[in-house]
Every structure is written in structure tokens, then in C-alpha cells.
Amino acid sequence: MSVDKVREPFVRISKRASIELWRSWLFRAAALFASLVVCGVIIFALTGLNPVRVYAAMFSGAFGTVKRSWVTIRDLMMLLCISVGLAPAFKMRFWNIGAEGQILAGGIVSAALMIYAGNSIPLVPLLMLMFLASAAAGAVWGLIPGVFKAVWNANETLFTLMMNYIAIQVTSYFVALWENPYGSNTVGVINQLSKGGWFPAIFGQMYLLNVIIVLALTILMYLYLRYSKQGYEIAVVGESENTARYAAINVRKVVIRTMLISGAICGVAGFIAVAGAGHTISTSTAGGKGFVAIIVAWLSKFNTLVMVLISGLLVFLDKGAVQIASQFDLNDFVSEMITGIILFFILGSEFFINFKVRFRGRIKEAGK
Amino acid sequence: MVDITKTFGEVVANDKVSLEIRHGEILALLGENGSGKTTLMNTLSGIYLPEGGQIYVCDKKVSITSPKDAFELGIGMIHQHFKLVNLLSAAENIILGLNEHKLIDLKRVRAAVREICDKYGFAIDPDKKVYDMSVSEKQTLEIVKVLYRGADILILDEPTAVLTPQETEKLFAVMRNMKEDGKAIVIITHKLHEVMEISDRVAVLRKGRYIGDIPTCDTCIQQLTEMMVGRAVSLNIDRPACKDGCERLVVKNLTVIDKDGVKKLDNVSFTACGGELLGIAGISGSGQKELLEAIAGLQPAQPGASILFTPVPGRPATELAGKSPRDIKRLGVSLAFVPEDRLGMGLVGSMDLPDNMMLRSYSEGPGFFTNRQEPQRLAKTVVEELEVVTPSLYTPVRKLSGGNVQKVLVGREISSAPSLLMTAYAVRGLDINTSYTIYHLLNKQKERGAAVIYVGEDLDVLLELCDRILVLCAGRISGIVDGRNTTKEEVGLMMTHLSGRCDNVG
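Predicted model only: the values in this text are computed from it and were never measured.

## Re the overall build of chain B
Phase 1: The helix and strand tally for chain B stands at 17 helices and 20 strands.
Phase 2: The C-alpha atoms of chain B give 24 Å as radius of gyration, which agrees with the globular expectation for 506 residues (23 Å, within 12%).
Phase 3: Seen along its three principal axes, the alpha-carbon backbone of chain B occupies a region of about 75 × 50 × 45 Å.
Phase 4: Residue burial in chain B is summarised as follows: out of 506 residues, 54% are buried.
Phase 5: For chain B, the share of sequence-separated contacts (at least 6 apart) that also reach a separation of at least 24 residues comes to 66%.
Phase 6: When the accessible surface of chain B is split by element, carbon and sulfur atoms take 50% of a total near 21,800 Å².
Phase 7: Computing the positive centroid from 60 side-chain charges and the negative centroid from 65, chain B places the two 4 Å apart.

Next up, the structure:
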């Protein structure tokens, strides 16, 4: 033991008691900026391209033309819809990673109605029917793991994941059944001429109905989680099952009901994907969006209004990345790299929002 | 320790505290909740790093940046929550984390452990697995572990909170032996009579500041309390006479078997009357929790049990056995329950005060949406009447201190004007001031005519506060005694043995 041996650690990390709202958003903005700088350096180092031009290309990829803007909005609404569906389940700490399957379940039902009833039922009742039927299909897909969790405490993460694969296989079956033209192994565009079951253009905009449905769901879900009795029950069950039982909440009922809602909204997302965007069904109709939505749900801390911003950012990055890949003859990996770096910085900023970091040397001044 | 300052964010936990710890002396560190006792000792044992100040050991300036540094300086801390590996034996736990760069020689360890035990009067079996040990054995093991590492300065954080009076006596005997051996001992405790019994000197902290120290023989409980609280406090617990006396709750043949098939309660029968405070004593884990939870409908009772509850005197009784909390709520029975696990059962930690106020009543009222005005008003009333310290009504209760969390919980439960109020360890971890507030509230409910059940661990308080005391031992009633004419030793004995004594009082 040496005398007068006074060591200071290099950094000290302490938890923040609280942080002002503007400050936390400043951190997030700084993280976004820093990530763009890092991406720029890497792009320049690897390809020698001017990063400013690359970013301009990204913006043009997402919003360069009116048509591109609407496609961006369409994809944003799709991702937002799934995230809103995950919100109640995640708030209850029920890790529903089965959105993919629930989307497909809704999508299959929508496609079936378009194929078998698309040219016989008038458009408005048909769309209402498709909405309800796809919600029901998604709800069933969510209900099954919900019941197993509530009654036998089966692990919902594995269960919902496995349900995805079942949904993919079921979709393959129907794709083969509805194959058109014969031998293509795809369903092709359903009702291309009659447009039966397609979302109608409103004010000349093809995707406006998507926006209306999804934003309505977003706001309703926000009110439901924040102000309704059922939303309160979800929050209590998510915090502690013991507390819920103490408060005379029927935990099983809440778990099952919440998974019905969660699955139903994901089913509606499938309906929008089929009737409002792709007008076809394939095993990639969900296309991994059910997993991206998990990131959206977490980053927004299950606040559906914040989800609008987060899904917007992710969709923008995706569109921009595809554009630079084609414009500068780079491959897809560059775009994935950029998305990865930006997400890393945004997630990292949460650390600085929650913790205070101080370096050696400044501590002594603070101590005096 | 000179001028130690430790801050957490904007909260100053220790403000320029200076403390001297002497060899061959037992120092009691006193202070209310949140006065910085544990923080100060954690700083000494290397868990926290102070923002300012200097520590000297044997006149040498040292810096303690990790528990390992503390060990090297001979400082060892026995925490309130044991840090032992359940699957390992006593000897294995002792050498755990000691990086000796050679093969583990368990034989040598055992011999060394025996030597330590003989020297200070411990009884410990080095080969016993931790999961087989009682709480007191685990604590002994923690102390031996620290001694094995050559500690000269021992810090015990509330060591008696989990012990029976007899076990506490044993611990004190060991502490005296260690003192004789020249060790420096610091004991943190809330129990003032223990301070008077064991310590040589008392140091008092209040709100992070060092108030002073005084030889124990020159002081008294009253003076120490005033030093802690900063003003004169009456230390007498009131015990208003029983009124009313009608039977509110009649429990018969209650048996509870938990999820793992362990019998937690065995054929328990008792009566609780209106206007009476019924205490429940017992070593922790003797079935207290299951008893209250069974009455509240949270634990299923075995067939044959009967829990008759009379909400209004003169009206027919309601059978609660076999009913869920929802069934009970639907019956409109006002039954208040302050559970042991405050944030894990009684409250929702991430929610603010109004949202917690409506935990029990959220579903009342018509409509799909919750009514948040009523809970908001209630939260305001509770904060004002019980002097809850909180930055605002909209702070998550998790961020409040233990005492304030408990006030919020008790405040909510009392607000329903219950005819039966059950509390489990209502003052655990609370300082004297808050504890007295809680006692006062319970007495007020008793005077209102409610039957109050108080599960407690401090026998002195139980004997002063309760009209009758039901003593549980391993899930069975070992006796029901009158709180006015029973001694602590008698209750302590009943906690560990089924004596069969049962006073017919009440």
C-alpha cells in the first residue's frame, strides 16, 4: 500500500435523475448528425464519392418526385400500422414478434375476398368486409399464442415466432392455388382490369386511404393506451402480474384481449399491404416489416404518436439507401451499412440521455 | 474519513461528513432513512467513489476505488442483502473471488474457518450449502467471509433486521469478542435499544450531514432521537383501549399450500375484532405473507377453510374462502391490504401518484375511459395529510424514497374507509418519524372501529402497539397472547417453538 496513492478512474458514469425534454431531443439530433458525419467519412474512404452528393441522392430517393414521395408515405404508413399493432402487446411486456404471421393472415383473407368476391360485391361494402375479415384473421393468429401464454404460461417469443413460419407456409399454399398466370408461381396483380377490392383514389391520390386508416388507428391506439380502463389494465399487467392480481385484474383476460387487438391491427396491416399497396399476395408480403416494427416500437417507448417520427426516419433511410445503391452503382450492402450506423448512433444516444458521463480532471473542479 | 461528499445527480447524499472509526470499539451509525448512512459506508468499502473528501486508514492517505481496494486495507462490509452463492458450500463462498493463483485448498480453508469460528464464538459448518442455511447462518457466513479476508474494520448494515431476539443476542456476543480482539466495528441500525446495548460510541447523521458523536454511556434514547430527527419527539406508542369488540373476521382451519407444494400455513384459526389491533409475529417466512394473501384472495386456501368476514356489525357474514380478489371486489367488501412488496404488488412503480391511487378503483364509474379527476384529488389529499415528500404529483412512485412510497400506499388503502385493514411489515425500512406516523394512522383506523391486522418484525413495537399478538411458527399458530402482559422473551421463544400456550384474551 503506497502512501498518497490517489487514483481517479478515467470516466465516471452516473444515472441521471431526470432530463429536460429539449435536452433529450438535442442529444438525439446530435446523434443523428454525428451518424451522418461518420457515414460520410466511411463513404468517402471506401468509394471516394462526395458524401454531400450521396445524401442529396438519398433525399431524392425518398422525396425526389411526387410519386416517390407517395411511395415513401405508403411504406411509412405500412410500418406505422404494424408498430401501432405491436404497441399494446409490448406495453404489456408480451413480446409479440409474430407480426409477420399476423400480417400474412390478414393478407391472405384480403386476397381471397378480392379473388372470389372482388367483382361481385360493390367496392365500399367489399372493403369494409375485407377490413373486418383481415382483422379477424390477424386476431386469430395473435390469439393462439395469447391463449397459450395466459393459460399455460408458454413462452410468447418463441410461440409467436413459430407462428410466422406457419403463416408463410399457408401463404405458399394459397400462392400455388391462386397462381396466375399458370406456371409463374406468383399470384400476379389481382383484378388488374376491374380493380375490384383495390383502395380507391381519393382526391386523385392512390394512397390517401392508407394514410387515413393508419393515422386513425394511431390516434385511437394512443387514446386507448393512455386514457381507457383497458389501457390502464395493460400497463399494470406489464409492470407486475402480482400488482395486477392485487388490483383484482383478470390477468388472463387482459393478456388474451390485448393479443386479439394486437393481432387484429397487424391483420389490418396485411389488408392494407394487399388491397392498398401490392394488389397481390406472396410470402414476402410482410417482408420483414414485422421485425423492423419492433425497433420502431422500442425506440418510441410504445408511444404511438412518436412512432410516426421513428417509422418516418426508418423508411426514409431505406428509400434513400436504395437510391444511392442504384445511382452510384454501389450494392445493397452500402445502404444497409448506412442504416446500421445511423441506428447505432440513435440507440447509443439513449445511453447519454439516461446516464451522465464525466471525465477525469473535471471531477476535482466539481468537487471543490 | 474527512469531508466525504457524495452526490447522486443533484441529490447530496453525504455533505462533508467526517467520521472517526477506532480499533477496539463498536460504533453505532444512526440516522433516519435517506440520511446517508449506507452511502457513507459504501464509500468506505469501495462501492461508491466520493466526489470530494479524503479517507485515511491508520493515518495514511488512501483512495478506495473498488471493493478490492477496501479488502486490501482490511475493510469489510456485511450488507443487508446477503451476497452469497446458494449452490456453493460455506467454505467455497468464503474463498469466492479471492484470486490466489493456486489450486484451491479446501482443507486449509476449512481449518482457517474453524479457527476463526473458535476465536470469536461462531458456529458454522464449512461444508454446509448456503441454500440449506437459515438467515442467521447466512449472516454468520458473511461475517466469517470478511474476517477470513483479514478485515480489521467491519461494517454491518442493519444486521438485526432479520434476526430473532435470541439470534441477535448471539450476534452481539460475537461482536463483543471481535471488539476484544481489537477490531473496529461499525453497526448501522434503526433500533435504538440495540444501540444502547451494544455500542461504545454513537455517530449521528441527518440529511447527509454529520451531526456529532457521543459515547453511548453518556446518552439516552430520547437524546439520540432528537439528534436524528432534529427536534423533540415523543417516543411512546399509543395504545388506545379496544372498543366495539364485535367479531369482524373469523378464520377457521386455514391451510395454504404454495405452488411448489410446500405447506405454508397449517390449520390456522383465529378471530380479529373491530376496534382491535391484532399483531402477527414470527420469523420471516413463517406464513405471515400467505395468511394475509389468503384472506385477500391472492392465495388459494385448501378446502375446508372458512374465512368469515362481517363488514357491518349485525349483518350476516360473508365467506371469503375460495374467492378471488375480483369476487371480493364484486361483493363490495371494503378490505384494505398493505402488502409486503410495495412496488411489486401494492403500487405500480412506473406510474405517477394519481394513477396509483386508482389502482383499486379504476374500473368504477361508467364508460370506457378512466376518470382521473377523483384519483388526482385523492393523491393531493394523501400528499398533504401524510406529508409525502415528492417533486410533484406526477412523479413515478418508484422515484420516491421508501418511506414516502409506503405513505402513498397506506394513504390509498385507508382512503376506502375499510372495516378490515391488513398491513404486512408496514414500517420495514422506515425511519422513526415515518414509523410513528404509520402507527398513528393504524391507531386511528382502530378507533374508527376497523379491525387492524399488523404483521411486524420488531417485537418491542408489537408489544407496545398491539392488543393481541398471534405468534406464527413454521405455518402454525404457536400462541395468541395479550400484548399488555407478555415479555419479548416469551414471544421470541414462541416464534421458534410450538409452545401451545394460548391466552384466551381479547
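Having seen the structure, we can now continue with the description.
## Describing empty space enclosed by the protein
The method is simple in principle: a probe with the dimensions of a water molecule rolls over the atoms, and the space it marks as empty is what remains.
All names here are of chain B.
Phase 1: Tallied over the entire structure, the rule returns two cavities of 30 Å³ or more.
Phase 2: Of the voids in this model, the second largest cavity is the one considered here, and its volume is about 30 Å³.
Phase 3: Forming the boundary of the second largest cavity are Tyr425, Val427, Arg428, Tyr454, Gly456, Glu457 and Asp458.
Phase 4: Here the residues of the lining of the second largest cavity sort into three nonpolar, one polar and three charged.

## Things to note about the state of the cysteines
Phase 1: Within the structure shown, the criterion is met by zero disulfides over all chains.
Phase 2: Between Cys81 of chain A, a cysteine without a disulfide, and Cys266 of chain A, which holds the nearest cysteine sulfur, the sulfur-to-sulfur distance is 7.4 Å.
Phase 3: Cys220 of chain B provides the cysteine sulfur closest to Cys217 of chain B, a residue in no disulfide bond, and the two sulfurs are 12 Å apart.

## Some points on the domain arrangement of chain B
Residue and element names in this part refer to chain B.
Phase 1: Domain annotation for chain B reports domain 1 (2-229), domain 2 (243-334 + 419-506) and domain 3 (350-416).
Phase 2: Computed over C-alpha atoms, the centres of domain 1 and domain 2 are 35 Å apart.
Phase 3: Listed by partner, the interface residues are 13 residues for domain 1 and 15 residues for domain 2.
Phase 4: Between domain 1 and domain 2 the total buried area reaches about 1,100 Å² when both faces are included, carbon and sulfur atoms providing 57% of it.

## A word on the packing of helix 3 (residues 66-91) of chain A against helix 11 (residues 289-299) of chain A
Residues and elements named next belong to chain A.
Phase 1: In contact at an axis separation of 8 Å, helix 3 and helix 11 are set at 65° when each is read in the N-to-C sense. Considering the relative orientation of helix 3 and helix 11, their crossing is right-handed. When helix 3 is examined against helix 11, the residues Met78, Leu79, Ile82, Ser83, Leu86 and Phe90 are found in contact with a partner set consisting of Lys289, Gly290, Val292, Ala293, Ile294, Val296, Ala297 and Trp298.
Phase 2: Taken together, the residues that form the contact of helix 3 with helix 11 break down as 11 nonpolar, two polar and one charged.

## Some thoughts on the environment of Leu430 of chain B
Phase 1: Considering the arrangement of structural elements, one finds Leu430 of chain B in the loop between strand 17 (420-424) and helix 15 (432-448).
Phase 2: As for Leu430 of chain B and Gln406 of chain B, which are separated by 24 residues in sequence, their C-alpha atoms are 8.5 Å apart.

## Regarding the side chain of Asp467 of chain B
Residue and element names in this part refer to chain B.
Phase 1: Relative to the helices and strands, Asp467 is located in the loop between helix 16 (459-465) and strand 19 (468-473).
Phase 2: A residue is classified by how much of its surface remains accessible, and Asp467, at 2% relative accessible area, is buried.
Phase 3: From its side chain, Asp467 meets the backbone nitrogen of Leu277 in a polar contact 2.7 Å long.
Phase 4: Here Asp467 is in contact with Arg239, Pro240, Cys242, Gly275, Glu276, Leu277, Lys446, Val481, Asp482, Gly483 and Arg484, once residues within four sequence places are set aside.

## Some thoughts on helix 13 (residues 373-385) of chain B
Since there are 3.6 residues in each turn of an α-helix, residues three or four apart along the chain are aligned in direction.
Phase 1: The end-to-end C-alpha separation of helix 13 of chain B is 18 Å, in line with the 18 Å expected for 13 residues at 1.5 Å each.
Phase 2: Trailing helix 13 of chain B by a residue or two, Glu387 of chain B shows a phi angle of about 50°, which is positive.

## Examining the sheet that holds strand 8 (residues 184-188) of chain B
Residue and element names in this part refer to chain B.
Phase 1: The six strands lie next to each other as 6-7-8-3-9-10, forming an open sheet whose pairing is mixed. Here the strands that pair on one side only, and so sit at the sheet edges, are strand 6 (75-78) and strand 10 (209-215). This sheet shows a mean twist of 20° between the axes of neighbouring strands, independent of strand direction.
Phase 2: Across four bridges, the pairing between strand 3 (residues 25-30) and strand 9 (residues 201-206) is parallel. Of the residues in strand 9, the one forming a bridge with Leu30 is Val204.
Phase 3: Most of the contacts of helix 8 (residues 221-229) go to strand 9, to which it runs at about 30°, and overall it touches strand 3, strand 9 and strand 10.

## So, the packing of aromatic side chains
Phase 1: Under the defined criterion, the tally for this structure stands at 22 aromatic pairs over all chains.
Phase 2: Summarising the aromatic geometry, the rings of Phe148 of chain A and Trp152 of chain A are spaced 5.2 Å apart at their centres and angled 50° between planes, so their arrangement reads as tilted. Taken together, the positions of Phe148 of chain A and Trp152 of chain A, both in helix 5 (residues 123-152) and four residues apart, correspond to about one turn of that helix.
Phase 3: On the basis of relative accessibility, which here comes to 33%, the residue Phe148 of chain A falls in the partly exposed class.
Phase 4: Ring geometry for Phe351 of chain A and Phe352 of chain A: centres 5.3 Å apart, planes at 90°, overall edge-to-face.
Phase 5: Of the aromatic side chains, those joined through ring pairs into one cluster are Phe90, Trp95, Trp298 and Phe302 of chain A.
Phase 6: Directly above the ring of Trp25 of chain A sits Arg28 of chain A, whose terminal nitrogen or CZ lies 4.6 Å from the centroid.
Phase 7: Of note, Arg360 of chain B hangs over the ring of Tyr246 of chain A, and the distance from its end group to the ring centre comes to 4.5 Å.

## Things to note about the pattern of salt bridges
Phase 1: Summed over all chains, the structure comprises 28 salt bridges over all chains.
Phase 2: When the shortest N-O distance is used, the salt bridge between Glu156 of chain A and Lys149 of chain A registers 3.1 Å.
Phase 3: The shortest N-O distance in the salt bridge between Arg330 of chain B and Asp327 of chain B comes to 3.7 Å. Of the two residues, Arg330 of chain B and Asp327 of chain B both sit in helix 10 (residues 325-330), three residues apart, roughly one turn of that helix.
Phase 4: Look at Arg330 of chain B and you get exposed, because its relative accessible area is 61%.

About the thresholds
Residues numbered from 1 in each chain as written. Chains lettered and ligands numbered in written order. Predicted model: local features only at pLDDT ≥ 70, side-chain atom pairs only at ≥ 80, totals over all residues. Heavy atoms only, no water. Helix = DSSP H or I, 4+ residues; strand = E, 2+ residues; numbered from the N terminus. Rg over C-alpha atoms; globule rule 2.2 N^0.38 Å. Buried < 20%, exposed > 50% of the residue type's maximum accessible area, 1.4 Å probe, protein only. Contact = heavy atoms within 4.5 Å. Areas by Shrake-Rupley, 256 points an atom, 1.4 Å probe, with all protein chains shown as cover. Lys, Arg positive; Asp, Glu negative; His and termini not counted. Charge placed at Lys NZ, Arg CZ, Asp CG, Glu CD. 1 Å grid on protein atoms, 1.4 Å probe; cavity = no way out; pocket = protein on both sides within 12 Å on 5 of 7 lines; lining within 4 Å. Points joined across faces, edges and corners; volume = space filled by probe spheres on them. Nonpolar A, V, L, I, M, F, W, Y, C, P; charged D, E, K, R; others polar. Disulfide = S-S within 2.5 Å. Domains from an automatic or database assignment. Buried area = accessible area lost by both parts, 1.4 Å probe. Axes fitted to C-alpha atoms, helices over the stretch in contact; angles between N-to-C directions. Left-handed = near helix turned anticlockwise from the far one by under 90°. Polar contact = N/O pair within 3.5 Å; in protein donor to acceptor, adjacent residues only side chain to side chain. Expected span 1.5 Å × (residues − 1). Pairing = 2+ DSSP bridges. Phe/Tyr/Trp six-rings, centres within 6.5 Å; stacked < 30°, edge-to-face > 60°. Lys NZ or Arg CZ within 6 Å of the ring centre and 35° of its normal. Salt bridge = Lys/Arg side-chain N within 4 Å of Asp/Glu carboxyl O.

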